[in-house]
Amino acid sequence: MISPETPETTTVTTSYTTYDSPLGELLLVGEESPTAPGGTALTALSLPQQRGATVQPHWRRDPAPFAEVVRQLRAYFAGELTRFELEFRTSGTDFQERVWQALEAIPYGTTTSYGRLADVLGVPRGEVRALGAAIGANPLLIVRPCHRVIGADGTVRGYAAGVEAKIALLTHEGALQPTLI
């Protein structure tokens, strides 16, 4: 008798580290990938005050696989990098993945509105809230620049790590002028 094949179970190692940025301590999470720089594809980048930015017990703390991510973040915050070149591995719905990929096309130093992004993606006006929810669920803050999406009237609203962080990022990129006090 031939026994049925059992599916191979592969264990993916999830690693994490932190990076002390101008916005505070960032949490970097990744999974093993033979094609990614350092052998780890980035699965999450969380900022302080972000809901759900917690380390899971089965994750392994290891800064080594994130050397390239940290190098690019340092260059970004130093004003030397305007586009990240990293391997990502996210697990959103098809709609979320489409929205998150579209975020990467918003150029550094610019903004777009939720409505304009909806037009680019062919999302009907009645579903702009779903677009906003997908943007809000972006697990890769900064590197998939959801901070570049603002209200149609130019107001800065909604950001998983708080509006202050969004304003800081847009000011850093030159899309907003610094406020003089």
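Residues numbered from 1 in each chain as written. Predicted model: local features only at pLDDT ≥ 70, side-chain atom pairs only at ≥ 80, totals over all residues. Heavy atoms only, no water.

> Help me get a handle on the pairing of strand 1 (residues 14-21), residues and values and all.
Across the eight residues of strand 1, six count as buried, placing the element largely inside the fold. Pairing geometry for strand 1 and strand 2 (residues 24-32), over eight bridges, is antiparallel. Opposite T17, over in strand 2, you have L28 as the bridge partner. Hairpin connection of strand 1 to strand 2: two residues between the antiparallel strands. (Buried < 20%, exposed > 50% of the residue type's maximum accessible area, 1.4 Å probe, protein only. Helix = DSSP H or I, 4+ residues; strand = E, 2+ residues; numbered from the N terminus. Pairing = 2+ DSSP bridges.)

> How would you explain helix 5 (residues 163-172) if you had to name every residue and give the values?
Listed as buried for helix 5 are A165, K166, L169 and L170. Along the axis of helix 5, the buried residues cluster in a sector spanning 130°; they form a single face. Where helix 5 is buried, its residues contact helix 1 (67-77), helix 3 (114-121) and strand 6 (149-150). Positive backbone phi, approximately 85°, marks G174, located one or two places after helix 5. (Arc of directions from axis to C-beta. Contact = heavy atoms within 4.5 Å.)

> Could you give me a rundown of the UniProt feature "domain: Methylguanine DNA methyltransferase ribonuclease-like" (unreviewed entry) in the protein, with the residues and numbers involved?
When the UniProt feature table is mapped to this numbering, "domain: Methylguanine DNA methyltransferase ribonuclease-like" (unreviewed entry) covers residues 16-88. This span, residues 16-88, is 15% helix and 33% strand, and a straight line between its end C-alpha atoms measures 14 Å. (UniProt positions renumbered as here; feature names shortened; annotations may be inferred.)

> Talk me through the domain arrangement of the protein; I want residue IDs and the actual numbers.
According to the domain assignment, the protein contains domain 1 (14-78) and domain 2 (94-173). Computed from C-alpha atoms alone, the centre-to-centre distance between domain 1 and domain 2 is 21 Å. The partner domain 2 presents 15 residues to the 14 residues of domain 1 that form the contact. A buried area of about 1100 Å², summed over both sides, lies between domain 1 and domain 2, and 69% of it is on carbon and sulfur atoms. (Domains from an automatic or database assignment. Buried area = accessible area lost by both parts, 1.4 Å probe.)

> Outline the layout of surface pockets, supporting the account with residue identities and numerical values.
Roughly 170 Å³ of volume is contained in the largest pocket. Taken together, the residues of the lining of the largest pocket break down into nine nonpolar, one polar and four charged. (1 Å grid on protein atoms, 1.4 Å probe; cavity = no way out; pocket = protein on both sides within 12 Å on 5 of 7 lines; lining within 4 Å. Points joined across faces, edges and corners; volume = space filled by probe spheres on them. Nonpolar A, V, L, I, M, F, W, Y, C, P; charged D, E, K, R; others polar.)

> Tell me about the confidence of the model for the protein, residues and numbers included.
For the protein, per-residue confidence averages 90 on the pLDDT scale, and residues scoring 70 or more make up 93% of the total. Across residues 1-6 the pLDDT falls below 50, and counting only partners more than four positions away or on other chains, this stretch makes zero contacts in the model. (pLDDT = per-residue confidence, 0-100.)

> Talk me through the packing of aromatic side chains; I want residue IDs and the actual numbers.
Under the counting rule described, the total for this entry stands at four aromatic pairs. Pairing Y16 with W59 gives two aromatic rings, centres 6.2 Å apart and planes at 45°, and the pair type is tilted. Placement of the pair is Y16 in strand 1 and W59 in the loop between strand 3 (40-46) and strand 4 (60-61), with a sequence separation of 43 residues. On the basis of relative accessibility, which here comes to 12%, the residue Y16 falls in the buried class. For the ring pair Y76 and Y108, a centre distance of 6.2 Å and an interplane angle of 85° mean the geometry is edge-to-face. Placement of Y76 in helix 1 and of Y108 in the loop between helix 2 (94-103) and strand 5 (112-113) is noted, with a sequence separation of 32 residues between them. These aromatic residues form a ring-pair network of at least three members: Y76, F77, F84 and Y108. (Phe/Tyr/Trp six-rings, centres within 6.5 Å; stacked < 30°, edge-to-face > 60°.)

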